[in-house]
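Observations on chain architecture
Spelled out from the first residue to the last, the chains are:
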Amino acid sequence: MSAGITAINEKVKQESGFIKDLTNTIGDTIIGQKYLIERLLIGLLANGHILLEGVPGLAKTLSVNVLAQAIDTKFQRIQFTPDLLPADLLGTLVYNPKDGKFTTKKGPIFANIILADEINRAPAKVQSALLEAMQERQVTIGSETFKLDSPFIVMATQNPIEQEGTYPLPEAQVDRFMLKLKVTYPTQAEELRIMRSMAQTDKKITIKPVVHSDAILKARQIVDQIYVDEKIEKYVIDLVFATRNPQDYKLESLKDMIQYGVSPRASIYLITAAKAYAFIQGRGYVTPQDIKSIGMDVLRHRVIISYEAEAQGKTSEDIIKTIFDEIEVP
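Residues numbered from 1 in each chain as written. Predicted model: local features only at pLDDT ≥ 70, side-chain atom pairs only at ≥ 80, totals over all residues. Heavy atoms only, no water.

Observations concerning the packing of helix 11 (residues 264-280) against helix 12 (residues 288-299)
Put simply, the rule reads: For helices, the fitted axis covers only the stretch in contact; all axes are lines through C-alpha atoms, and the angles between them, taken along N-to-C directions, range from 0 to 180 degrees. Think of it this way: any DSSP run of H or I at least four residues long counts as a helix, any run of E at least two long counts as a strand, and we number them from the N terminus. Here is the rule for angles: anything less than 35 degrees is roughly parallel, anything more than 145 is roughly antiparallel, 65 through 115 is roughly perpendicular, and the remaining ranges are oblique. It is the rotation of the near helix from the far one that decides the hand of a crossing: anticlockwise by less than a right angle makes it left-handed, clockwise makes it right-handed. Pairs of residues are marked as contacts when any of their non-hydrogen atoms sit within 4.5 Å. In this classification, Asp, Glu, Lys and Arg are treated as charged, Ala, Val, Leu, Ile, Met, Phe, Trp, Tyr, Cys and Pro as nonpolar, and every other residue, Gly included, as polar.
For the pair helix 11 and helix 12, interaxial distance at closest approach is 9 Å and the crossing angle is 130°. Accordingly, the angle class assigned to the pair helix 11 and helix 12 is oblique. Once helix 11 is placed against helix 12, the crossing between them reads as right-handed. Contacts between helix 11 and helix 12 involve Ala266, Tyr269, Leu270, Ala273, Ala274, Tyr277 and Ala278 from the former and Asp290, Ile291, Ser293, Ile294, Gly295, Val298 and Leu299 from the latter. Class assignment for the residues of the contact of helix 11 with helix 12 results in eleven nonpolar, two polar and one charged.

Right under this line is the structure:
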């Protein structure tokens, strides 16, 4: 290991100490969702938005709320509904009859962590208003543009089983989420702990902050310095191009299964999320296993499958798993 990699490795070990405290604090309230907690921290460290998908009652909303409390940031929960307007999200210009002038009233988007609850219940005009905030981290109200405070992360939830009164998210917006997480049921032992902890008529959950948002911004600078070998970069490029031209990688069987491969955001997010994952593990370098660990979460919402794949009961996850199994690991 070269001197440069050794130096960043030591720096990561020193600076990532708060991760354990943060994970334990959130884990005391959110029982059995280790995967979810870890991925929320990856999104926070890699400055990427997260889409959470799971049936109701799996603590998706609560997890985001607890995370925001634990890092002492401004949190806003926005319930998305079919009658929501862009102004309800971003803010609007309010006319003052006394002086005949308009003043800007900022909306709930002006926070650090935004929980977009049931995001697919709002119509396209609201989603397009959210796009600018997600991509540019700024908001335009009237003729004025306002920069959003950092950190700024959108963590959105959607329910996969109830489609009445919902709108499919535009592909352009889905692509802007760094990770799409599938939240699953707890085990029997975890469910017993949840029941014993939460089965109270008036359970109030308050978390003492264990880290300030400044520490997150400092950690991001270190995440950017984490070493990625050229072989790892080539591995990521191969994975991405295998979704676009599977026949070039001896995956002819997938050619008719994929309608559209992943965008360049996939390769960017695979590297940045892997760096954040390495940071959480206390390492100053990325391994192929890091790419594999976060790969499904980065790619599952970016591979658009064909009608033929649907007819055969194949999902994007099946295709991604085949690609990971077949592409040679460095």
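Text resumes after the structure shown.
Some points on the pattern of salt bridges
Condition: Counted as salt bridges are all cases of a side-chain nitrogen of Lys or Arg within 4 Å of a carboxyl oxygen of Asp or Glu. Relative accessibility under 20% of the residue-type maximum defines a buried residue, over 50% an exposed one, and the middle range a partly exposed one, all with a 1.4 Å probe and only protein chains included.
Scanning all chains against the criterion turns up 14 salt bridges. With its nearest N and O atoms 3.3 Å apart, the salt bridge here joins lysine 180 to glutamate 53. Of this pair, lysine 180 sits in strand 9 (residues 177-182) while glutamate 53 is found in strand 1 (residues 49-53), placing the two residues 127 residues apart along the sequence. Assigned by exposure class, lysine 180 and glutamate 53 land together as buried. Note that glutamate 118 and arginine 121 form a salt bridge whose closest N and O atoms lie 3.1 Å from each other.

With respect to the nonpolar core
This is how the line gets drawn: In these notes, a set of buried Ala, Val, Leu, Ile, Met, Phe, Trp, Tyr and Cys residues joined through side-chain atoms within 4.5 Å is what counts as a nonpolar core.
Counting 76 residues, the largest nonpolar core has Phe18, Leu45, Phe279 and Ile291 as its most contacted members. Counting residues per element, this core draws most heavily on helix 11, at eleven residues. Core analysis: the second largest hydrophobic core is formed by 28 residues, Leu51, Phe80, Ala122 and Met134 among them.

Topic: helix 6 (residues 124-136)
Selection criterion: For a helix, the expected span equals 1.5 Å multiplied by the number of residues minus one.
Given a rise of 1.5 Å per residue, 13 residues ought to cover 18 Å, and the 18 Å separating the end C-alpha atoms of helix 6 matches this to within 8%. Those residues of helix 6 that are buried are in contact with strand 1, helix 5 (86-90), strand 6 (138-141), strand 8 (153-158), helix 7 (171-174) and strand 9. Arginine 137 sits one or two positions beyond helix 6 and adopts a positive phi of about 55°.

A short note on unusual backbone geometry
That bond from serine 150 to proline 151 is cis: its omega, 0°, falls within 30 degrees of zero. As for its placement among the helices and strands, proline 151 is situated in the loop between strand 7 (144-147) and strand 8. Backbone geometry at aspartate 72 places phi at a positive 55°, although glycine is not the residue there. By secondary structure assignment, the location of aspartate 72 is in the loop between helix 4 (60-70) and strand 2 (75-79). Backbone geometry places glutamate 118, a non-glycine residue, at a positive phi of 50°. With respect to the helices, strands and loops of the structure, glutamate 118 is situated in the loop between strand 5 (113-117) and helix 6. On the accessibility criterion, glutamate 118 (25% relative accessible area) is partly exposed.

Section: the pairing of strand 6
This is how it is decided: By definition, two strands form a pair when at least two bridges between them are found by DSSP.
Relative to strand 7, strand 6 is paired through four bridges, and the arrangement is antiparallel. Note on strand 7: the bridge partner recorded for isoleucine 141 is glutamate 144. Count of turn residues in the strand 6/strand 7 antiparallel hairpin: two residues, of which glycine 142 carries a positive phi of about 65°.

Quick notes on the sheet that holds strand 8
The strands that make up a sheet are held in pairs by hydrogen bonds between backbone atoms, and each pair lies either parallel or antiparallel. Spatial strand order, 2-5-8-1-9: five strands in an open sheet with parallel pairing. Either end of the sheet is taken by a strand with one partner, and the two such strands are strand 2 and strand 9. The mean angle between the axes of side-by-side strands here comes to 15°, regardless of whether they run parallel or antiparallel.

Things to note about the packing of aromatic side chains
Here is the rule: Each pair of aromatic rings taken from Phe, Tyr and Trp, with Trp reduced to its six-membered ring, is defined by centres within 6.5 Å and is described as stacked if the planes are under 30 degrees apart, edge-to-face if over 60, and tilted in the remaining cases. Only when the NZ of Lys or the CZ of Arg is both within 6 Å of the ring centre and within 35 degrees of the ring normal is a charge said to sit over the ring.
Tallied over the full model, the rule gives three aromatic pairs. Their ring planes at 55° and their centres at 5.2 Å tell us that tyrosine 95 and phenylalanine 102 sit as a pair that is tilted. On the basis of relative accessibility, which here comes to 46%, the residue tyrosine 95 falls in the partly exposed class. Taken together, a centroid distance of 6.1 Å and an interplanar angle of 85° make the contact between phenylalanine 110 and phenylalanine 146 edge-to-face. Of this pair, phenylalanine 110 sits in the loop between strand 4 (101-106) and strand 5 while phenylalanine 146 sits in strand 7; the two residues are 36 residues apart in sequence, bridging distant segments of the chain. Phenylalanine 110 gets classed as buried once you look at its relative accessible area, which sits at 14%. On the basis of relative accessible area, phenylalanine 146 is assigned to the buried category, the value being 14%. One cation-aromatic arrangement involves arginine 244 over phenylalanine 241; the distance from NZ or CZ to the ring centre is 4.8 Å.

Comments concerning a nonpolar patch on the surface
Rules: Any residue with relative accessible area above 30% and no salt bridge may belong to a patch, with like charges joined within 9 Å and the nonpolar Val, Leu, Ile, Met, Phe, Trp and Tyr side chains within 5 Å. Using a 1.4 Å probe, the Shrake-Rupley method yields the accessible areas, and only the shown protein chains count as cover for residues.
Together, Leu93, Tyr95 and Phe102 make up a nonpolar patch on the protein surface, roughly 330 Å² of accessible area in all. Position of leucine 93 relative to the elements: it lies in strand 3 (residues 91-96).

In short, geometric facts, not functional conclusions.
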